[in-house]
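Coordinate inspection notes
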Amino acid sequence: MHRLKIIASFFVIVLGLFLLFKLYNNIAEKPATGRYLMENGNSFSVAYPFNIPNQPVGSYHLSFDILFSPFSISSYKISADDCLESISINGEIIADTSIPYCDFQNIRSFDLSPYLSVGRNHFTITARNTGGNVMVQFAPANADLHMAIFIIFLLTLIWITIRIITTHYIPSVDFSLSIILGLGTALRILYTLATPFTVRAHDAMDHIDYIRYVAFYLHIPPASGGWEYHQAPLYYILAGLYYRFVASLGISEYTLLLHLRMISLLLNCGCLFIGCYLSFILFPSDKHKWERYLFTAFIAVFPATVFFSSRLSNDALYQLGSFMICAILLLWWKKPTSTYWYILAAGVAITYLTKLSALVFIPIIFICLLVQASVPIRQKILRSIIFASIVILIAGWLPIMRLYLEQDTTRTRTLGNEGMNSNLSLPTNISGMATFNPLEIVRHPFNDPWENTERRQYFPEYYYRSAFFGEFHFDNMRKLSQILLGISFFLIPLAIVGFMYECKKNKFSTLPLHLIFFTVIASSVSYRIHFPYAPNQDFRFVTILIIPVGFYIIKGINALPKQFQFIANAIFCIFLLLCSVFIWNIFYQS
């Protein structure tokens, strides 16, 4: 009877989600196709999201039709790459003082209700291209009443799902931890709803081209054939096969890309739940529930992890893989069984097929094997051979194909850096690699990979800022961003104290975390030196670092005298609150 109740609950949840998304499709009308008319008279027919790569400078007039019902959303976010010059609906120009504007990354919302009618409506949007791609973004605004009701129901359903899972299947996750997981999931959903896949992304259309190639041709493209084709292929194979299957059902590409974005969201939520699981590994005693709460909350709200929720690239799958490797390695370190070792080898191989960055885990794992006292020398040799065999068996074909079978290996050997714009290059010197000025970081809270005025030339500063804001500007939240950065500097000495305390008191009990922290940072420095371009300083490549950093901060708080622990806990909680407010504001202001 108890099992039947659980099955019935999940059935109701799945049915509720299905009905909610059917409702979303009905209230959030969207264009299927449109037509660009250029100044020279040429025209292009395009499917949403209305992207045409590599077009000359000039004005582009996009026209499309949308069928509206009485229940449709009437507020929409609209922007153009590079500038939006005008919008007209049914021949009437929208009178808005903010038009024209050039701000492709921060989409503005417009109330179109005075211009819309029930039935078919004809839109004409004029975009100004200053070079590169032409793209117009058109998405429902979250401030619309219909959308707000949809979001409330969606978040309520997600919360019920989390409570059912934690209550019946993970009883060790108490109510407080469930709230943190619910908050982290909600922030990721809200961020995804507020962020089209082309916004705060990196080469979004090039990643989609990779997915399309696999879907159409059913094989991996040569690394030199496209800008992102050098990437490891696992994500693109899975996404491409899904693309091909769903497209065969007659579903539009726009809806299909929304599906893939939902998969990225689920993968990112998976990282959150693995982070919660790690809190039990790192703080196993029930006396440390507060530490579990803090650690899980750190994973839940830290901006660098949340940003992957809406991206169509291999980043979300790689982050999940790296979190899983960390968890399995810690389990093996505490109980070095053969089963954990084999799973670890397979995990590294699969994650390597997702992103080549997974290679950084191999020296970490082998150092752990070398110093693991409970494994005899003969077993260490045998396990090394087995580990290498599993990795080669699963993933050995990829370097053979890329380096020996393909004719042009330039993009592979340079890890995709071949052809990078020379204006993104930086000098490599001691000043650039060692300068870290907290005051200047607060004065210049956002990275700009093109401008030295934003201190892109200082690797540690760029690296640090990108953990919070990537290489994107949030000028409408500048003060909040500066306060967030200012509070974060108080956590650095706590992390240092925590690391020293852990090394002194527990010595080798968390050696894998120490190795992850220093090896990953060393790999970041090495990558920046060998490929000296500003975008290569981005924290998005190494989000696994938040696991040891969060652990060190919490250990640092515990290492303080009792009279100071309350203050340190308060600072950390304020930091977590500001991170949550920052993500919420991205949604609210969209």
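For the structure itself, consult the block above.
First, a word on scope: everything that follows refers to the structure included in this document. Remember, it's a predicted structure, so these values are computed and weren't measured experimentally.

Okay, the sheet that holds strand β9 (residues 119-129) next. Strands sit in the order β2-β1-β4-β9-β6-β7 across an open sheet of six strands; the sheet is antiparallel. Bordering the open sheet on either side are β2 (43-47) and β7 (92-93), each of which pairs with just one other strand. Taken together, the two bridges between strand β6 (residues 83-89) and β7 define a ladder with antiparallel strand orientation. Considered in β7, the bridge of Ile 89 is made with Glu 92.

Before going further, it helps to spend a moment on the nonpolar core. One finds Phe 572 and Phe 575 to be the most contacted residues of the largest nonpolar core, which totals 179 residues. In terms of residue count, helix α6 (residues 253-282) provides more of this core than any other element does, 16 residues in total. Those residues in contact with Phe 575, other than ones at most four positions away along the chain, are Phe 298, Phe 302, Phe 468, Leu 484, Ile 487, Ser 488 and Leu 491.

Below, the discussion takes up the packing of aromatic side chains. Under the counting rule described, the total for this entry stands at 47 aromatic pairs. Ring centres 5.3 Å apart and planes at 75° place the aromatic pair Phe 446 and Phe 469 in the edge-to-face group. Pair noted here: Phe 446 is in the loop between α16 (438-443) and α17 (459-469) and Phe 469 is in helix α17, with a separation of 23 residues, a long-range link. Assessed through its relative accessible area of 1%, Phe 446 is described here as buried. Since its relative accessible area comes to 0%, Phe 469 is described here as buried. Lying over the aromatic face of Trp 227, Arg 411 brings its terminal NZ or CZ to 4.1 Å of the ring centre.

At a closest axis distance of 9 Å, the pairing of helix α20 (residues 511-530) and helix α21 (residues 546-559) adopts a crossing angle of 120°. Classified by the angle their axes make, α20 and α21 are oblique. Between α20 and α21 lies a crossing of left-handed hand. In contact with Leu 513, His 514, Ile 516 and Phe 517 of α20, α21 contributes Ile 547, Pro 548, Val 549, Phe 551 and Tyr 552. When grouped by side-chain class, the residues that make up the contact of α20 with α21 number eight nonpolar, one polar and no charged.

Turning our attention to the sheet that holds strand β8 (residues 108-111). Spatial ordering of the open sheet is given by β3-β10-β5-β8, a layout of four strands whose pairing is antiparallel. A strand with exactly one partner marks an edge of an open sheet, and here the two such strands are β3 (51-55) and β8. Pairs of neighbouring strands in the sheet enclose a mean axial angle of 25°, with direction left out of account. Where strand β5 (residues 75-81) meets strand β10 (residues 132-140), six bridges bridge the pair, whose relative direction is antiparallel. Of the residues in β10, the one forming a bridge with Lys 77 is Ala 139.

Quick notes on the rules
- Residues numbered from 1 in each chain as written.
- Predicted model: local features only at pLDDT ≥ 70, side-chain atom pairs only at ≥ 80, totals over all residues.
- Heavy atoms only, no water.
- Pairing = 2+ DSSP bridges.
- Helix = DSSP H or I, 4+ residues; strand = E, 2+ residues; numbered from the N terminus.
- Core = buried A, V, L, I, M, F, W, Y, C linked by side-chain atoms within 4.5 Å.
- Buried < 20%, exposed > 50% of the residue type's maximum accessible area, 1.4 Å probe, protein only.
- Contact = heavy atoms within 4.5 Å.
- Phe/Tyr/Trp six-rings, centres within 6.5 Å; stacked < 30°, edge-to-face > 60°.
- Lys NZ or Arg CZ within 6 Å of the ring centre and 35° of its normal.
- Axes fitted to C-alpha atoms, helices over the stretch in contact; angles between N-to-C directions.
- Parallel < 35°, antiparallel > 145°, perpendicular 65-115°, else oblique.
- Left-handed = near helix turned anticlockwise from the far one by under 90°.
- Nonpolar A, V, L, I, M, F, W, Y, C, P; charged D, E, K, R; others polar.

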